[in-house]
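If you want the building blocks of each chain, they are given just below.
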Amino acid sequence: MKKYPTLIFIALLAVLLFSQQKIVMPLVYEVIKSDFFLVDSKDQASQLPISTHMTDIAFANCNKYIKSNLESDALAIFSNKPLNAWSLGNYQYVINAEVDITHGKSNTITKRYACRITYKNGDNPEGIEDVDNWTVTGLSGIDEI
């Protein structure tokens, strides 16, 4: 064993790669093909930007989240509508919009942001207006947050 450590290492590595390719990956592909991770939802994904009641509420809740997390001296003025909104399905949305941010007496800076937000109650429309039923899972484009 101590005479040929490099050969043993190479042989064990080859066995590991072979088992990964012939045993583990085929099992992974079978699980992916199955309905194991499929979530039934009335909210369908869209590859194209959409504008619905849900995206309007998602946009408003993203704006509330941004406003509540800005520094106290910052003033945020949001556009009336998002630039784009996409449904990822299962009540997950991506909102792309602009906000004008002013800190104190400095110049106003227009920031374009992307907000990923999820409605937690799924197909249950009760509480859709309640901000506590929404979760922002990602935000980019605004350095101040």
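Keep in mind the model is a prediction, meaning the values are calculated, not measured.

Asker: How should I be thinking about the side chain of threonine 55 in this particular structure?
Answerer: Take threonine 55: it is sitting in helix 2 (residues 53–69). Since its relative accessible area comes to 1%, threonine 55 is described here as buried. There is a polar contact of 2.7 Å between the side chain of threonine 55 and the backbone nitrogen of threonine 52. Beyond its immediate stretch of four places on either side in the chain, threonine 55 contacts Ile50, Ala85, Tyr93 and Ile95.

Asker: Explanation requested: the state of the cysteines in the structure shown.
Answerer: Using the criterion set out here, one finds 1 disulfide in the structure. Each sulfur of the disulfide joining cysteine 62 and cysteine 115 lies 2.1 Å from the other. One quick way to see it: the torsion about the S-S bond of cysteine 62 and cysteine 115 is about -80°, and its sign makes the bridge left-handed. Here cysteine 115 lies in strand 4 (residues 109–119) and cysteine 62 lies in helix 2, a separation of 53 residues in the sequence.

Asker: Could you clarify how one ought to interpret the packing of aromatic side chains in this entry?
Answerer: Given two aromatic rings, one states the distance between the centres and the angle between the planes to describe the pair. Tallying each qualifying case throughout the model produces 3 aromatic pairs. Ring centres 6.0 Å apart and planes at 65° place the aromatic pair tyrosine 91 and tyrosine 119 in the edge-to-face group. With tyrosine 91 in the loop between strand 2 (84–89) and strand 3 (92–103) and tyrosine 119 in strand 4, this pair connects stretches of sequence that are 28 residues apart. Each of the two residues, tyrosine 91 as well as tyrosine 119, counts as buried. Ring geometry for tyrosine 93 against tryptophan 134: centres 6.2 Å apart, planes inclined by 40°, an arrangement best described as tilted. Placement of the pair is tyrosine 93 in strand 3 and tryptophan 134 in strand 5 (residues 134–140), with a sequence separation of 41 residues. Take tryptophan 134: its relative accessible area is 6%, and that puts it in the buried class. Taken together, Tyr91, Tyr93, Tyr119 and Trp134 form an aromatic cluster joined through their ring pairs.

Reading guide: rules and limits
- Residues numbered from 1 in each chain as written.
- Predicted model: local features only at pLDDT ≥ 70, side-chain atom pairs only at ≥ 80, totals over all residues.
- Heavy atoms only, no water.
- Helix = DSSP H or I, 4+ residues; strand = E, 2+ residues; numbered from the N terminus.
- Buried < 20%, exposed > 50% of the residue type's maximum accessible area, 1.4 Å probe, protein only.
- Polar contact = N/O pair within 3.5 Å; in protein donor to acceptor, adjacent residues only side chain to side chain.
- Contact = heavy atoms within 4.5 Å.
- Disulfide = S-S within 2.5 Å.
- Phe/Tyr/Trp six-rings, centres within 6.5 Å; stacked < 30°, edge-to-face > 60°.

So yeah, pure geometry; function would need other evidence.
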